[in-house]
Every structure is written in structure tokens, then in C-alpha cells.
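Spelled out, the chains give:
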Amino acid sequence: MSITGSCECGAVTYSVQGPLRDVTICHCGQCQRTSGHAWASTSVPADQLTLTNDAGSNGAGLKWYPSSENARRGFCTECGSSLFFEVTGENRTAIGTGTLHSTNGLKTTKHIFLADKGDHYDIACAAPQFEHYD
Amino acid sequence: MCHCGQCRKQSGGIWSSAYVHQDALAISGAVQWFASSKTAKRGSCPRCASFLFWKANAEDTISFSLGSLEGATGLTLSKHIFVADKGDYYDIADSVPQKP
């Protein structure tokens, strides 16, 4: 099963081989700043993700930002969409759920880094909540 | 809280924001502006892509992300918008008013 996705402007497109991990919503400070709220993601083994376009009309494309000593975040340099997150050595890529063209019935199964959550919203969803990663 | 397709693609989830008059917001550092439609643009950091601003061309207000604020905000959510475009992988279970 191949699923496709893209950033908002289309400079970065990808395909991914299923199955996709269920959705985790991260409330950590980095995800809040990057996304503007909380970052929802699925995840696959890194070798199951294929970039199908990485070049916009003006040379735009995927750029990796080293967000910590052991992780990086991939975004589009044209529209700024937050597409990917990888932890060094884990060989997995987290994919921003909002960038998938079809979510195929994925469900949110946990909220993480609740210790860092903003004070301007409540989580009323029934998915389990964790103070940190789990 | 905006659930539209553009906000979900750019943020990865849902975009939460507040807004002020454009004269009340001082920006330091570089902003990458993306014309997301004929009527609006979105501003992000060129280094890490943090999705910071949304600005309607014809309006004199500017929206800024709540995720980018430091410390306690003292704000409360007032509405969910573009709920018709929301993803199928989450439910909105709070009592905040929703608009399609």
C-alpha cells in the first residue's frame, strides 16, 4: 500500500509504504513552536519513505533543521510546512499527519510531552496522555 | 484553532493563533513569507520553519501562533474553524464552539 503526501506548496512530495503507525500528538515546546500548536505525526521505517519531488520552481525543497543534538526536523523552504522528524540512529521517520493526502482511518492513540503543553487549550480527547515520551 | 487543509499541511496538525493590529506586533529576525492564496500569506522562520504568522492582505491585523509564545499565555480557546476540513484521525471533544 503506497500513500502519498506533500507540503502546502507542492515543492516537496513523498510516497510511503504502509502500514503507518497510529497518530501521536506531541505537545513539547519544540513541536509547539514549529507547528504553532501541537504536532501530529505518524511514523514509518526510514527506508519506506521516498521523496518523489524535492525541487520547487525557485530551488525550494526539503531542508533539515537540527532541532537538538540527536534529532532533526524536515521542512519545505518555500512554504515552511513541517513534514518530517527523525531521531539519530532510530532509522524511523515521523511524518506530519497534516501532510498526508489520505490518512486512511488512522487514529490518534497518544498525546506526549504533556508536561510542556500550552495553557490555552485542554485535551478532551480520550487518547492516553503522557508527561514525557511515554 | 484552524483545521483547514493549509494549516494542517503547514503545521502538521492544527494551527492555534491569536491576532493583534499589525502595528502592535514587532518582528525581529528574518521571516519567510509564503503566499498561500490570493488573499493571504503565511510567515515562517527560514532556519527552522516554525510557522509563526498568518496575514490577510486586506486586513490590518496579523495572527501569530500560540505555540511560539513563551511562558504562560493566560488565553483560552474561543473557536474551532474550518472544521469541515479537519482530519479523520482525531476528534474535537472539547466544548469550544465549532464553525464549518
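Below is a short write-up of the structure.

Definitions and cut-offs
Residues numbered from 1 in each chain as written. Chains lettered and ligands numbered in written order. Predicted model: local features only at pLDDT ≥ 70, side-chain atom pairs only at ≥ 80, totals over all residues. Helix = DSSP H or I, 4+ residues; strand = E, 2+ residues; numbered from the N terminus. Rg over C-alpha atoms; globule rule 2.2 N^0.38 Å. Buried ≥ 20, exposed ≤ 12 C-beta atoms within 10 Å, placed from the backbone. Contact = placed C-beta atoms within 7 Å. Pairing = 2+ DSSP bridges. Axes fitted to C-alpha atoms, helices over the stretch in contact; angles between N-to-C directions.

This next bit is on the overall build of chain B. Across its full length, chain B holds one helix and five strands. Going residue by residue from the N terminus, the α and β elements of chain B occur as α-β-β-β-β-β. In summary, chain B has a C-alpha radius of gyration of 14 Å against a globular reference of 13 Å for 100 residues, a match within 12%. Each principal axis of the C-alpha atoms in chain B carries an extent, and together these give about 35 × 30 × 30 Å.

Here we come to the overall build of chain A. Looking only at helices and strands, chain A has one helix and 10 strands in total. Listed N to C, the secondary structure of chain A is β-β-β-α-β-β-β-β-β-β-β in terms of helices and strands. The C-alpha atoms of chain A give a radius of gyration of 15 Å, which matches the 14 Å a tight globule of 134 residues would have. When the backbone C-alpha atoms are referred to their principal axes, chain A occupies close to 40 × 30 × 30 Å. Taking all 134 residues of chain A together, the buried fraction comes to 46%. Look at the contacts in chain A between residues 6 or more apart in sequence, and 51% of them connect residues 24 or more apart.

The pairing of strands in a sheet happens through backbone hydrogen bonds and is either parallel or antiparallel. Residue and element names in this part refer to chain A. With antiparallel pairing, the three strands of this open sheet are ordered in space as β1-β2-β5. Edge strands, defined here as strands with exactly one partner in the open sheet, are β1 (2-6) and β5 (49-54). For this sheet, the mean inter-axis angle between neighbouring strands, taken without regard to orientation, is 20°. Pairing between strand β2 (residues 12-17) and β5: five bridges, direction antiparallel.

Listed as interface residues are 40 residues of chain A and, on the opposing side, 37 residues of chain B. The set of elements that each furnish at least two residues to the side of chain A that touches chain B consists of β3 (23-26), α1 (29-35), β4 (39-45), β6 (62-68) and β7 (71-76) of chain A. The leading source of residues in the side of chain A that touches chain B is α1 of chain A, at four residues.

Further remarks concern the pairing of β1 of chain A. Here five bridges tie β1 of chain A to β2 of chain A, and the two strands are oriented antiparallel to one another. Bridging across to β2 of chain A, Gly 5 of chain A finds its partner in Tyr 14 of chain A.

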